[in-house]
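Observations on the three-dimensional arrangement
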Amino acid sequence: MIYRYVYGDPINTDAVVQQINPEDNASMPYFKQTIKEDEVVFRYEMNEETIVYGLGEQMRGINKRGFSYVSYAADDPVHTENRHSLYGAHNFMIVSGEDSFGLFVDNPGKVTFDIGDTNINLIEVTTGKDSDIYIIKGDNLKDIVRQFRVLIGQSYAAPRWAFGYQQSRWGYKCEDDIREVVDGYHKNQIPLDAVYLDIDYMKDYKDFTVDSERFPDFEGFINEMKEEHVHLVPIIDAGVKIEKDYPVYEEGVEKGYFCKDEDGNDFVAAVWPGKVHFPDVLNSKSRAWFGEKYRCLIEQGIDGFWNDMNEPAIFYSEKRLNEAMEEIAQMKDTELDINSFFHVKDIIGDLSNSLSDYKAIYHDMDGKKVCHNDVHNLFGFNMTRAAGEAFDKIAPDNRILLFSRSSYIGMHRYGGIWTGDNSSWWSHLLLSIQQMPSLNMCGIIYTGSDIGGFGCDVTEDLLMRWIEFGMFTPLMRNHSAIGTREQEVYKFSRIEDFKNLIRIRYRLVPYLYSEFMKCVLDNDMYFKPLAFDFPEDEFSKTVEDQLMVGDSIMIAPVYTQNAKGRYVYLPEDMLMVKMKSPEEYTCEPVTKGHHYISVDLNELVIFVRKDHILPLACIDDNLESMDDVDFDNVEWLGYVENEASYAYYKDDGQTKEYTEKENWDIVRKTKDMFEGGYIVK
Ligand code: GLC
């Protein structure tokens, strides 16, 4: 059951799609409330056993207890443990303990979740005075998630090709750079489905333009890549460059489609292109206009996009830069001491993504002037919604790949996310493992992190271990920052091992895609903490580094350097499958409990649940991309003691004809069919 409580006069965020009638606020269960002038505070007493799940992209573990989290979309590339905000604002959490329920705080401004930080036994949620609050009671954790997901609407379904391996790097500058990457993969017989175009493909970082010196025949190049079965995925940034005769800028100004300052002038910020205006994507006309701009790239053959810098990131605003420069100029001939020197440093450092700029931007929400700070978390959502809504018109029958950096709940209906600028750190491999189930709870299913890490220099072993996990994330993209060590897998010494591992992804893809689509259609989770599938099992509740992937398997990735294996907890007897290539595997039943499992650097280990099966693609040496995967003639990997059945979801992977249950094949296998082995036709 879902209960809604309305405080003040909340802004309609379009996060939810179901109309729930409000209850009397005084009747809200679980929480004590304090209503202040500007905010409402909800307090809940936990006992020692209480676990808190959710909050989407946030930092820290699967169990969120013991820290404070602030929903205020942040362009912050330093994802260290002390951070309270990342790019997304996902205000849904689940309390699991004596009471079990979900809480969704629908407020697009700043919301704080103190989950046992100030007091280890207390949850304190602070939100604005105008908030919509939902409490969800359910039979179990999965049921709570399912109800929440019905409330917020069906998640975005990516095209099937986007489940292939994808290569990206900030620094591919021209056609030849990209040809070299594709050649690097093909020469080494490593499958590849997409290469990303980062900001350098644009002319002077202007959205919806292509630099004609670097890409003299863009359409021809897109087609050339298509012949290689490689999709090109360009980036689109939130800021529109201020430049005379640049049509997007001219039109936006003329029609009044940009965000304003307090006086009603177009707000001037600066990002990659220098000075920019932000499209007011919270206004429906402006949103439709911005979305329509993607058409020019789609008509040339582009079928995927990533939306970036949409917190929105601001390097500086014109107004504050001027003020800062003046202040520094005044200090020019003074001697800087301990205080004034650091003050000068801060004057520049504090220019970026500053609260005072966010407070100085205004939206026209279809007739209502709203200060950006109050709706900050809606910008990335609505930029991506602009694209998603436009795609329905531009390419009504086709699924276009779309994902965003910033997001709010509701955006999951239009696209996925990637987890932003992580680093080539082992701790970030673990962070990525822990973010996935929390994101799924919030409806974000097409997701993944920058494999290998975006910032810093990756090492070969980290990249390999990351691929062993990334092979399960729907978005499997290797991406890195300009200036860091080159991260394409063929640039390392153990190319053969990388090749084998990436090929295993394609072997698993019938299962991964089937599970992904079922989760979309059934409002289920693709990645689950163990306790979601084994609620009665006490130890499962404490496991922070293993995940259930779909219905049939569990994974326990290695995420520490020089490890030769790791301890794994099995909540039931399972079949351990170790693979070094799609052809080379061993299978061994392992009993419920704790085990040390050795895992070579080039080895993938999965655990198959008892009486479960999963489809595997039969792939051969000619495999180059998803186009070579035959989803009809599959093999079945299974651990069948009695019998198992599997709902195998198949579709064309490209059109939007995916709502019908006809696409589900129920496959049954009994013990005798396996004749002592574990893989059968
Ligand atoms: C941002 C993005 C990153 C991208 C870079 C350049 O930092 O998060 O993925 O490569 O901008 O566009």
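Preceding block: the structure.
Heads up: these notes are all about the structure in this document. Because the structure is predicted, anything quoted here is derived from the model rather than measured. Starting afresh in each chain, residues are numbered from 1 along the sequence in its written order. The model is predicted, so local features are restricted to residues of pLDDT at least 70 and side-chain atom pairs to those at 80 or more, both for listing and for counting; the totals for chains, interfaces and linings are taken over all residues. Note: side-chain values were computed over all heavy atoms of the structure, leaving out hydrogens and water.

**Let's talk about the overall build of the protein**
Put simply, the rule is: Starting at the N terminus, helices and strands are each numbered in turn, a helix being any DSSP run of H or I of at least four residues and a strand any DSSP run of E of at least two. Only the protein chains shown count as covering a residue, and every accessible area follows the Shrake-Rupley method with a 1.4 Å probe. Neither His nor the chain termini are counted; the positive set is Lys and Arg, and the negative set is Asp and Glu. One atom stands in for each charge, and that atom is NZ of Lys, CZ of Arg, CG of Asp or CD of Glu.
The helix and strand inventory of the protein stands at 16 helices and 40 strands. Here the protein has roughly 25,300 Å² of accessible surface; of this, 46% comes from carbon and sulfur atoms. The centroid of the 70 positive side-chain charges in the protein is displaced by 1 Å from the centroid of its 119 negative side-chain charges.

**Thoughts on the sheet that holds strand β19 (residues 316–317)**
We count it as follows: The pairing criterion is simple: DSSP has to find at least two bridges between the two strands.
The strand order across the open sheet built from 4 strands is β15-β17-β16-β19, with neighbouring strands paired in antiparallel fashion. Pairing within the sheet leaves two strands with one partner each, and these edge strands are β15 (240–241) and β19.

**What to know about the sheet that holds strand β35 (residues 604–609)**
The condition is simple: Whether two residues touch is decided by their heavy atoms; if any such pair falls within 4.5 Å, the residues are in contact. Axis definition: a line fit to C-alpha positions, over the contact stretch in the case of helices; interaxial angles, taken between N-to-C directions, run 0 to 180 degrees.
Strand order across the open sheet formed by 6 strands is β28-β29-β30-β35-β32-β33, with antiparallel pairing between neighbours. Each having just a single partner strand, β28 (527–528) and β33 (585–590) make up the two edges of the open sheet. Sheet topology places strand β30 (residues 553–555) next to β35; 3 bridges connect them, and they run antiparallel. Pairing of Met-554 across the sheet is with Phe-607, part of β35. Running over the sheet, helix α14 (residues 495–522) touches β29 (547–549), β30, β32 (574–579) and β35 and is turned about 20 degrees from β35.

**Focus: the side chain of Ser-423**
Note the threshold: Burial here depends on accessible area, computed with a 1.4 Å probe over protein chains only, as a share of the maximum for the residue type. Under 20% is buried, over 50% is exposed, and the range in between is partly exposed.
Examined against the element boundaries, Ser-423 turns out to sit in the loop between β24 (416–418) and α12 (426–441). Owing to a relative accessible area of 5%, Ser-423 belongs among the buried residues under this scheme. Leaving out residues up to four positions away in the same chain, Ser-423 has contacts with Pro-77, His-428, Gly-453, Phe-454, Gly-455, Cys-456 and Trp-466.

**Quick word on helix α5 (residues 284–292)**
Note the following rule: Each polar contact in these results corresponds to two N or O atoms within 3.5 Å; when the atoms are within protein, one needs to be able to donate a hydrogen and the other to accept it, and residues that are neighboring in sequence are counted only if both atoms are side-chain atoms.
Along α5, the residues classified as buried are Ser-286, Arg-287, Trp-289, Phe-290 and Gly-291. Two or three places before Lys-285, at the opening of α5, Asn-283 has a side-chain oxygen 2.9 Å from that residue's backbone nitrogen.

**Section: the environment of Asp-261**
Inspection of the secondary structure assignment puts Asp-261 in the loop between α4 (247–255) and β16 (269–271). Put simply, Asp-261 and Ser-168 are 93 residues apart on the chain and 36 Å apart in space, counted from C-alpha to C-alpha. Excluding anything up to four places from it in sequence, Asp-261 contacts Phe-267, Ala-360 and Tyr-362. Polar side-chain contacts of Asp-261 include one of 2.9 Å to the backbone nitrogen of Asp-263.

**Some remarks on the site of the ligand**
Put simply, the rule is: The nearness test applies per residue and asks whether one of its heavy atoms lies within 4 Å of the molecule or strand. Any residue outside Ala, Val, Leu, Ile, Met, Phe, Trp, Tyr, Cys, Pro, Asp, Glu, Lys and Arg is labelled polar, Gly included; the first ten of those are nonpolar and the last four are charged.
Around the ligand, the structure places 13 residues, and the nearest of them are Asp-198, Asp-308, Arg-405, Asp-421 and His-479. In the model, an oxygen atom of the ligand is placed 2.5 Å from a nitrogen or oxygen of the Asp-421 side chain. In the environment of the ligand, an oxygen atom lies 3.0 Å from a nitrogen or oxygen atom belonging to the side chain of His-479. For the ligand, the accessible surface in isolation is 310 Å², of which the surrounding protein chains cover 98%. When its residues are assigned to classes, the shell around the ligand shows 8 nonpolar, 1 polar and 4 charged.

**Structural notes on helix α1 (residues 141–152)**
Let me state the cut-off plainly: Expected span of a helix, by definition, is 1.5 Å for each gap between consecutive residues, and there is one gap fewer than residues.
Here α1 is 12 residues long and its end C-alpha atoms lie 17 Å apart, about the 16 Å a rise of 1.5 Å per residue gives. Taken across its 12 residues, α1 has 9 buried, putting it largely inside the fold. Those residues of α1 lying buried are Leu-141, Asp-143, Ile-144, Val-145, Gln-147, Phe-148, Arg-149, Leu-151 and Ile-152. The opening residue of α1 is Asn-140, an N-cap whose side-chain oxygen sits 3.2 Å from the backbone nitrogen of Lys-142.

**Here we look at the packing of aromatic side chains**
As a reminder, the rule being used: Stacked, tilted and edge-to-face are the three classes assigned to paired rings of Phe, Tyr and Trp, where Trp is represented by its six-membered ring and a pair needs centres within 6.5 Å; plane angles under 30 degrees give stacked, over 60 edge-to-face, the rest tilted. The rule is short: NZ of Lys or CZ of Arg within 6 Å of the ring centre and within 35 degrees of the ring normal puts a charge over the ring.
Using the criterion set out here, one finds 54 aromatic pairs in the structure. Arranged with centres 4.7 Å apart and planes meeting at 55 degrees, the rings of Phe-539 and Tyr-569 form a pair that is tilted. Here the residue Phe-539 occupies a position in the loop between α15 (530–533) and β29, and Tyr-569 occupies one in strand β31 (residues 565–570), the gap between them amounting to 30 residues. In this structure an aromatic cluster arises from ring pairing among Tyr-156, Phe-163, Tyr-196, Trp-306, Phe-403, Trp-418, Tyr-446, Tyr-513, Phe-516, Phe-631, Tyr-649 and Trp-664. Residue placement shows Arg-60 over the ring face of Phe-67; its charged tip is 3.6 Å from the ring centre.

**Looking at a nonpolar patch on the surface**
Worth spelling out the cut-off: Patch membership requires over 30% relative accessible area and the absence of a salt bridge. Like charges are linked within 9 Å, and nonpolar side chains (Val, Leu, Ile, Met, Phe, Trp, Tyr) within 5 Å. We count a salt bridge whenever a side-chain nitrogen from Lys or Arg sits within 4 Å of a carboxyl oxygen from Asp or Glu.
Residues Leu-336, Ile-338, Phe-341 and Phe-342 make up a contiguous nonpolar surface patch of about 400 Å² in total accessible area. Tracing the backbone shows Phe-341 in helix α8 (residues 338–349).

**Looking at a negative patch on the surface**
A contiguous patch of negative charge on the surface is contributed by Asp-620, Glu-624, Asp-627 and Asp-628. Relative to the helices and strands, Asp-628 resides in the loop between β36 (612–617) and β37 (634–639).

**Topic: the side chain of Asp-193**
Positionally, Asp-193 belongs in the loop between α2 (175–187) and β13 (194–197). Among the polar contacts made by the side chain of Asp-193, one reaches the side chain of Tyr-506 at a distance of 2.7 Å. Dropping the residues within four chain positions of it, Asp-193 is found in contact with Trp-161, Gly-164, Tyr-165, His-229, Val-230, His-231, Tyr-506, Ser-625 and Met-626.

**Considering the environment of Ile-555**
Along the chain, Ile-555 falls in strand β30. Distance from Ile-555 to Val-568, taken between C-alpha atoms, is 9.2 Å for residues 13 residues apart in sequence. Apart from residues no more than four positions distant in its own chain, Ile-555 is found in contact with Phe-469, Phe-472, Gln-546, Leu-547, Val-549 and Ile-606.

**Things to note about the pairing of strand β2 (residues 32–35)**
Pairing of β2 with strand β3 (residues 39–45), which is carried by 4 bridges, proceeds in the antiparallel orientation. Counted as the bridge partner of Gln-33 is Phe-42 from β3. Count of turn residues in the β2/β3 antiparallel hairpin: 3 residues.

**With respect to the environment of Ile-298**
Inspection of the secondary structure assignment puts Ile-298 in helix α6 (residues 295–299). Sequence-wise, Ile-298 and Gly-410 are 112 residues apart; in three dimensions their C-alpha atoms are separated by 24 Å. Setting aside residues up to four positions removed in sequence, Ile-298 forms contacts with Phe-305, Phe-391, Ile-394 and Ile-400.

**Things to note about the pattern of salt bridges**
A side chain of one charge can pair with a side chain of the opposite charge if their charged atoms are brought near each other. The final tally for this structure, using the stated rule, is 52 salt bridges. Arg-503 is paired through a salt bridge with Asp-621; the nearest N and O atoms lie 3.9 Å apart. Here the residue Arg-503 occupies a position in helix α14, and Asp-621 occupies one in the loop between β36 and β37, the gap between them amounting to 118 residues. Judged by its relative accessible area of 2%, Arg-503 falls in the buried class. Lys-528 serves as the salt-bridge partner of Asp-533, at 3.1 Å between the closest nitrogen and oxygen.

**What about the packing of α12 against helix α13 (residues 460–470)?**
Under the convention used in this document: Note on angle classes: values under 35 degrees are labelled roughly parallel, values over 145 roughly antiparallel, values of 65 to 115 roughly perpendicular, and the remainder oblique.
Orientation of α12 relative to α13, taken along the N-to-C sense of each, is 10 degrees, at an axis distance of 10 Å. As far as their axial angle goes, α13 and α12 are roughly parallel. Between α12, through Trp-426, His-428, Leu-429, Ser-432, Ile-433 and Met-436, and α13, the contact on the second element is made entirely by Asp-461, Leu-462, Arg-465, Trp-466 and Phe-469. Each residue belonging to the contact of α12 with α13 can be placed in one class, and the counts come to 7 nonpolar, 2 polar and 2 charged.

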